[in-house]
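The primary structure of each chain is shown beneath.
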Amino acid sequence: MVMKVPAEARVDLEAIAGNVGMLRERARGAEIMAMVKAEAYGHGLAEAAGAALRGGATWLGVAKLAEALRLRDAGFTVRTLSCLGVPGEPYEQAVARDIDLTVGALWLLEEVVRAAESAGRAARIHLKADTGMSRGGARGSDWEELVDAALKAEASGRVRVVGVMSHLACADEPGHPAIAAQVGAFTEMVEYAEHTGARLEVRHLSNSAGALTLPQARFDLVRPGIALYGLTPVPALGGFGLRPAMTMVADAALVKRAPAGSGVSYGHTYRTTRETTLAVVPVGYGDGIPRHGSNLLEVFAGGARRTIAGRVCMDQFVIDLGDDALSAGEEIILFGPGDRGEPTAQEWADALGTISYEIVTRIGSRVPRAYPGGAL
Ligand SMILES: *Cc1c(COP(=O)(O)O)cnc(C)c1O
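What counts and how
- Residues numbered from 1 in each chain as written.
- Predicted model: local features only at pLDDT ≥ 70, side-chain atom pairs only at ≥ 80, totals over all residues.
- Heavy atoms only, no water.
- UniProt positions renumbered as here; feature names shortened; annotations may be inferred.
- 1 Å grid on protein atoms, 1.4 Å probe; cavity = no way out; pocket = protein on both sides within 12 Å on 5 of 7 lines; lining within 4 Å.
- Helix = DSSP H or I, 4+ residues; strand = E, 2+ residues; numbered from the N terminus.
- Buried < 20%, exposed > 50% of the residue type's maximum accessible area, 1.4 Å probe, protein only.
- Contact = heavy atoms within 4.5 Å.
- Pairing = 2+ DSSP bridges.
- Axes fitted to C-alpha atoms, helices over the stretch in contact; angles between N-to-C directions.

- An unreviewed UniProt entry lists the protein chain under the name Alanine racemase, with Actinomadura meridiana as the source organism.
- Per UniProt, the protein chain carries the Sequence similarities (unreviewed entry) text "Belongs to the alanine racemase family."
- The Catalytic activity (unreviewed entry) comment attached to the protein chain in UniProt states, word for word, "L-alanine = D-alanine".

## Looking at the UniProt feature "active site" (unreviewed entry) in the protein chain
Link 1 in the chain: The sites that UniProt annotates as "active site" (unreviewed entry) are K37 and Y266. Across 230 residues of sequence, these annotated residues are also dispersed in space, with a maximum C-alpha separation of 35.0 Å. Set against the largest pocket, the annotated residues that line it come down to K37.
Link 2 in the chain: Mapped onto the elements, K37 comes out in helix α2 (residues 37-42).
Link 3 in the chain: Owing to a relative accessible area of 29%, K37 belongs among the partly exposed residues under this scheme.
Link 4 in the chain: Filtering out sequence-adjacent residues up to four positions away, K37 remains in contact with G61, V62, A63 and E67.
Link 5 in the chain: Note on placement: Y266 falls in the loop between β12 (263-264) and β13 (270-271).

## Points about the sheet that holds strand β7 (residues 159-165)
Link 1 in the chain: Here eight strands make up a closed barrel; going around it, the order is β2-β3-β4-β5-β6-β7-β8-β9 and the pairing parallel.
Link 2 in the chain: Both strand β8 (residues 202-206) and strand β9 (residues 221-222) contribute to a ladder of two bridges, which runs parallel. Within β9, the residue paired with S206 across the bridge is V222.
Link 3 in the chain: Its contacts with the sheet put helix α7 (residues 140-155) on β5 (100-103), β6 (123-128) and β7, and the angle it makes with β7 is roughly 150°.
Link 4 in the chain: Where helix α8 (residues 177-195) meets the sheet, it contacts β7 and β8, and its direction lies at approximately 165° from that of β8.

The structure is reproduced here in structure tokens:
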């Protein structure tokens, strides 16, 4: 029996595969590492990874090692890079399970070398250069020291220096001067590694914005995240023909008439101006619906856009339908691709002063993910 659930995030895996195809065309020649960290930005780790590989991605990328291990547990044997190095992770398991590791500091190199010794095989590592984001990675003389030490560890069979990588800070702002500066710094830092003796398989710098708009930043491989899920990385330049994969829906839990002057939800920040129909929507900030969206965000219900009436609660919010009809159990679309009149995640982000990444990623684990087209 198919149980109807009161709310779900429907994920169109064909859209993810199609978006990868689009990225491949744009990033001609560069391989695609599908970034599936944070549950694939809320879309479901294994499902999204499968769809991205079906679409032509040849690598998977995550932030944390635990995510990479889960991909291995799910049966993915494809090259997988864990991008965030923190102390005390089970690096021996990572080496044993053939997970590529990002190394941006000497202490981490030392940890990985010890892990490789206990695992009895060489760790595959990508050296992380700080080209101007001032977050992870090494810069200046630290870079030279890191490269030298890594190549020494390679000579003794402890590591294999597979790649050099960095990350762009301002790729979503066309023409930002930091872009050219980072591409230049990356090129020089790769050259230092190669002149020192690195035999690199891949050099990679670009996120979605770089993959779509910066041919000079593509190198051998690009690491798109947000674009896989059909959301634009550069809102100023439009949608790039990407198809949003997530549609967030909830069924009206209760519909009732309320008299004029009714205060709605906590604090009565919304008050009905005449007799009207109110509907309770059974998702709230406990499900990732931003409380800042109170009296602000729109949803699509009963054939039209409605603004959330009053405060978003932990488990529910209210909408005001006026005299329009809606039955309990009828589906309300919170956001989606926009084809049926609903807002997009980008519209929600714009209204809230954030980015679409946050809208989809924060949809909580209490909301089941559904894959209407089946797995890919
Ligand atoms: C998340 C992430 C990306 C993807 O960024 P998008 O802007 O979502 O395309 C790329 N590289 C690294 C290292 C990341 O952590």
